[in-house]
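# Topology and contacts: notes
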Amino acid sequence: MPKNEQPNAIRPAPRLGLLDALRIAAALVVVLYHYTAWGHGYWGAEAVDAWPVLGKFTIYGSIGVQLFFLISGFVILMSIQARD
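Residues numbered from 1 in each chain as written. Predicted model: local features only at pLDDT ≥ 70, side-chain atom pairs only at ≥ 80, totals over all residues. Heavy atoms only, no water.

## Side note on the overall build of the protein chain
Assigned secondary structure in the protein chain consists of 3 helices and 0 strands. Put simply, the protein chain runs from its N terminus to its C terminus through helices and strands in the order α-α-α. Counting across all 84 residues of the protein chain, residues that qualify as buried make up 15%. Long-range contacts, defined as pairs at least 24 residues apart, comprise 55% of the intrachain contacts of the protein chain with a sequence gap of at least 6. Of the accessible surface of the protein chain, which amounts to about 7,200 Å², a share of 68% is contributed by carbon and sulfur atoms. (Helix = DSSP H or I, 4+ residues; strand = E, 2+ residues; numbered from the N terminus. Buried < 20%, exposed > 50% of the residue type's maximum accessible area, 1.4 Å probe, protein only. Contact = heavy atoms within 4.5 Å. Areas by Shrake-Rupley, 256 points an atom, 1.4 Å probe, with all protein chains shown as cover.)

## Some words on the packing of helix α1 (residues 17-36) against helix α3 (residues 63-81)
Two elements in contact, α1 and α3, have axes separated by 8 Å at closest approach and are oriented at 155°. Considering the angle they form, α1 stands roughly antiparallel to α3. Handedness of the crossing formed by α1 with α3: left-handed. Contacts between α1 and α3 pair L19, L22, R23, A26, A27 and V30 from the former with G64, V65, L67, F68, I71, S72, F74, V75 and M78 from the latter. Of the residues belonging to the contact of α1 with α3, the class tally is 12 nonpolar, 2 polar and 1 charged. (Axes fitted to C-alpha atoms, helices over the stretch in contact; angles between N-to-C directions. Parallel < 35°, antiparallel > 145°, perpendicular 65-115°, else oblique. Left-handed = near helix turned anticlockwise from the far one by under 90°. Nonpolar A, V, L, I, M, F, W, Y, C, P; charged D, E, K, R; others polar.)

## Quick notes on the pattern of salt bridges
In this structure the tally under the stated criterion is 1 salt bridge. For D20, the salt bridge is made with R23, and the minimal N-O distance between the two is 3.6 Å. Highlighted residues: D20 and R23, both in helix α1, separated by 3 residues, approximately one helical turn. (Salt bridge = Lys/Arg side-chain N within 4 Å of Asp/Glu carboxyl O.)

## Thoughts on the side chain of S72
Note on placement: S72 falls in helix α3. Side-chain polar atoms of S72 contact the side chain of R23, separated by 3.5 Å. (Polar contact = N/O pair within 3.5 Å; in protein donor to acceptor, adjacent residues only side chain to side chain.)

## Observations concerning α1
Over its 20 residues, α1 runs 28 Å from end to end, which matches the ideal 28 Å to within 8%, given 1.5 Å per residue. Buried residues of α1: L19, A26, V30, Y33 and T36, and no others. Seen end-on, α1 carries its buried residues on one side only, within an arc spanning 155°. Structural note: α1 exposes I24, L28, V31 and Y35 on the side pointing more than 90 degrees away from its buried face. Where α1 is buried, its residues meet α2 (52-58) and α3. (Expected span 1.5 Å × (residues − 1). Arc of directions from axis to C-beta.)

See the structure below:
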């Protein structure tokens, strides 16, 4: 046992790399959505289909926002749970 470590010291739980990876993936999906999914008229302009094939997949990128905040809330609750 190292000198500085107390025998009953509470160690923080290790980070869950999978949650970090999912959060990064959700953020990247949102970025791709904003960059490629122009095939709608929500911005008041005529629909532009600049990425016809990729846009069919990234149109669901708006779900990435909800996924990102869901995972972030879970991570916050996990960090609060470890405190006294």
